[in-house]
Amino acid sequence: MKSIKLLLKLIFLRLSRQLYEKIMLPVNYTASVTYRCNSRCKTCNIYKIKTEELSVDEYDKIFRSIGKSAYWVTISGGEPFLRRDLEEIIGVIYKRSKPSIINIPTNGLLYKEIPQRVKTIAQNCPKSNIVINVSIDDIGERDSAIRGVPGAYEKALKTYKGIKKIDLCNVNVGIHTVISKFNVDRFREIAGGLMDLHPDSYITEIAENRVELDTMNEDITPRVMDYSQAIDFLLHKIRNTPFKGMNKITQTFRIEYYKMVKKILKEQHCVLPCYAGILSAQIVPNGDVWLCCMKAIVVGNVKDYGYNFKKLWKKNMLLKKERKAIRKEKCYCPMANASYTNMLMSNRVLFKAVLRLLKK
């Protein structure tokens, strides 16, 4: 039933897309609560970025103005669980917005505390689906080498298994792998081994040059041919793995995303129109607002608008200018979060989601 309701909501969003820019707020928010990180990954330098961080009270004011528009909220970092007040931050977001999905990526290094903290978050947010994605980029010491921390693989596995034991229906735990030049040649073994752990979902993203991660000058992106071969294997695995309910829909979007990234990398053009700045937005640790983390253009700071996100979203002239630029440039980045939001507005993808949901 929840899956049917979600599809109906997505269809409504598609039909009402012309209204968004004029009268509606985004449905997808990313709140980067810190740039601090206890990993030293070869594919990310975010830990080098120093900035102030919003307080719990400031997040309360922001999401009070956002209200119930937030359907999907990603709490990102850095490493989100380095915020000792993370439960309080998520608590005020839940109080003000009641998002259906709260997604938290983690490197899993704090294995002694993360499972219990996830349980607390899930108990405090009973009407939200809490999705934890544990980052693992290889098997054993190879993963630790990529992530720059001795024992990273073992610690992440302990976190994953600890969350798996949580007996709450609103907790889902997945595994997330960044496909880079450092692991693409071993991806079959990596994906096979990690999917054998039976995560609720297994997701990947391509390593790319991003302002947000301070990787603009890094040689980390795999060759198109190598990435395509890795994704072909993953598509085969997903199609032959049974999923239920919400995860059934999620995997449909994953399949379309992976196919789309292959096409983007090969043809270097827009596959789907980008709705960044209409359907999605990102709030970085110091309160700056971006339309997306690829361009990372600051369109305003919530502090300058009295923490009234709605006022910034409706009145900011630079934001309107950047929306037009995105349309004109027809952006074609392979960023996962933005791509999933764009797919919500695709009749073809929604139709495939319906068909997959109805399959026995």
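Each value, and the rule that gives it
Residues numbered from 1 in each chain as written. Predicted model: local features only at pLDDT ≥ 70, side-chain atom pairs only at ≥ 80, totals over all residues. Heavy atoms only, no water. Helix = DSSP H or I, 4+ residues; strand = E, 2+ residues; numbered from the N terminus. Buried < 20%, exposed > 50% of the residue type's maximum accessible area, 1.4 Å probe, protein only. Contact = heavy atoms within 4.5 Å. Areas by Shrake-Rupley, 256 points an atom, 1.4 Å probe, with all protein chains shown as cover. Pairing = 2+ DSSP bridges. Salt bridge = Lys/Arg side-chain N within 4 Å of Asp/Glu carboxyl O. Axes fitted to C-alpha atoms, helices over the stretch in contact; angles between N-to-C directions. Phe/Tyr/Trp six-rings, centres within 6.5 Å; stacked < 30°, edge-to-face > 60°. Lys NZ or Arg CZ within 6 Å of the ring centre and 35° of its normal. Core = buried A, V, L, I, M, F, W, Y, C linked by side-chain atoms within 4.5 Å. Parallel < 35°, antiparallel > 145°, perpendicular 65-115°, else oblique. Left-handed = near helix turned anticlockwise from the far one by under 90°. Nonpolar A, V, L, I, M, F, W, Y, C, P; charged D, E, K, R; others polar. Patch = residues over 30% accessible without salt bridge, like charges linked within 9 Å, V, L, I, M, F, W, Y side chains within 5 Å. Lys, Arg positive; Asp, Glu negative; His and termini not counted. Charge placed at Lys NZ, Arg CZ, Asp CG, Glu CD. Expected span 1.5 Å × (residues − 1). 1 Å grid on protein atoms, 1.4 Å probe; cavity = no way out; pocket = protein on both sides within 12 Å on 5 of 7 lines; lining within 4 Å. Points joined across faces, edges and corners; volume = space filled by probe spheres on them.

Undergrad: Could you give an account of the overall build of the chain, with specific residues and numbers?
TA: On a plain count of helices and strands, the chain comes out with 14 helices and 9 strands. Buried residues in the chain amount to 59% of all 360 residues. Of the contacts formed within the chain by residues at least 6 apart in sequence, a portion of 77% connects residues at least 24 apart. In the structure as shown, the chain presents an accessible area of about 16,200 Å², 54% of it carried by carbon and sulfur atoms.

Undergrad: How would you summarise the pairing of strand 4 (residues 129–135) if you had to cite specific residues and measurements?
TA: On a regular strand, each side chain points to the face opposite its neighbour's, so the side chains alternate between the two faces of the sheet. For strand 4, a buried count of 7 out of 7 residues is recorded, marking the element as mostly surrounded by other parts of the structure. Because side chains alternate across strand 4, one face comprises the buried residues N129, V131, N133 and S135, and the other comprises I130, I132 and V134, equally buried. Summarising the sheet, strand 4 and strand 5 (residues 171–179) pair through 6 bridges and their orientation is parallel. Bridge pairing in strand 5 links V131 to N172.

Undergrad: Explain the pattern of salt bridges to me, and be specific about the residues and the numbers.
TA: In the structure shown here, the tally under the stated rule is 22 salt bridges. Note that D232 and K262 form a salt bridge whose closest N and O atoms lie 2.6 Å from each other. Of this pair, D232 sits in helix 9 (residues 224–239) while K262 sits in helix 10 (residues 245–267); the two residues are 30 residues apart in sequence, bridging distant segments of the chain. Classification of K262 by relative accessible area gives partly exposed; the value is 22%.

Undergrad: Which residues make up the sheet that holds strand 7 (residues 280–283), and what values do they have?
TA: Strand order in the open sheet formed by 9 strands is 6-5-4-3-2-1-7-8-9, with mixed pairing between adjacent strands. Either end of the sheet is taken by a strand with one partner, and the two such strands are strand 6 (201–206) and strand 9 (298–301). Adjacent strand axes in the sheet meet at a mean angle of 25° when their direction is disregarded. Contacts between helix 5 (residues 114–124) and the sheet are confined to strand 3 (101–106), strand 4 and strand 5, with strand 4 contributing the most and set at about 160° to the helix. On top of the sheet, helix 8 (residues 187–195) reaches strand 5 and strand 6; it is set at about 150° to strand 6, its chief contact.

Undergrad: Any chance you could break down the packing of aromatic side chains for me, citing the residues and the numbers?
TA: All told, the structure shown has 4 aromatic pairs when counted by the stated rule. An angle of 70° between the planes, with centres 5.5 Å apart, marks the rings of Y29 and F309 as edge-to-face. With Y29 in strand 1 (residues 28–32) and F309 in helix 11 (residues 309–315), the pair connects residues that are 280 residues apart, well separated along the chain. Summarising the burial analysis for this pair, Y29 and F309 share the class buried. Each residue in the set Y29, F63, F309 and W313 is aromatic and connected to the rest through ring pairs, giving one cluster. Above the ring of Y47, the side-chain terminus of R40 is found at 3.9 Å from the ring centroid.

Undergrad: Now, about the side chain of N28: what can you tell me, with residues and values included?
TA: For N28, the position within the fold is in strand 1. The residues touching N28, leaving out its near neighbours within four places in the chain, are W72, L279, S280, A281, N337 and T341.

Undergrad: Before we move on, can you summarise the nonpolar core with the specific residues and values?
TA: Counting 107 residues, the largest nonpolar core has I62, I75, Y202, Y258 and F309 as the members making the most contacts within it. Here I75 is in contact with A31, V33, P80, L86, I90, I93, I102, N103, I104 and P105, once residues within four sequence places are set aside.

Undergrad: Quick one: what's the story with the packing of helix 3 (residues 56–66) against helix 4 (residues 86–97), residue by residue and with numbers?
TA: Running from amino to carboxyl end, helix 3 crosses helix 4 at an angle of 20°, the nearest separation of the two axes being 8 Å. Between helix 3 and helix 4, the crossing angle belongs to the class labelled roughly parallel. Between helix 3 and helix 4 the crossing geometry is right-handed. On helix 4, the residues that touch V56, Y59, D60, F63, R64 and I66 of helix 3 are E88, I89, V92, I93, R96 and S97. Across the contact of helix 3 with helix 4, the residue classes tally to 7 nonpolar, 1 polar and 4 charged.

Undergrad: I'd love a proper account of a positive patch on the surface, names of residues and values included.
TA: Residues K68, K95, K98 and K127 make up a contiguous surface patch of positive charge. Considering the arrangement of structural elements, one finds K98 in the loop between helix 4 and strand 3.

Undergrad: Describe the environment of E267, and please don't skip the residues or the numbers.
TA: You can see E267 is positioned in helix 10. Overall, E267 belongs to the partly exposed group, its relative accessible area being 38%. Separated by 65 residues in the primary sequence, E267 and Y332 place their C-alpha atoms 9.9 Å from one another.

Undergrad: Describe helix 4, naming the residues involved and giving the relevant values.
TA: The first and last C-alpha atoms of helix 4 sit 16 Å apart over 12 residues, in line with the 16 Å expected at 1.5 Å per residue. Buried positions along helix 4 lie against helix 3, strand 2 (72–76), strand 3 and helix 5.

Undergrad: Describe empty space enclosed by the protein, naming the residues involved and giving the relevant values.
TA: With a probe scaled to a water molecule rolled over the atoms, the places where space remains empty come into view. Counting across every chain of the model gives 1 cavity of 30 Å³ or more. For the largest cavity, the full set of lining residues is L291, C292, K295, A296, I297, V299, E322 and I326. Taken together, the residues of the lining of the largest cavity break down into 6 nonpolar, no polar and 2 charged.

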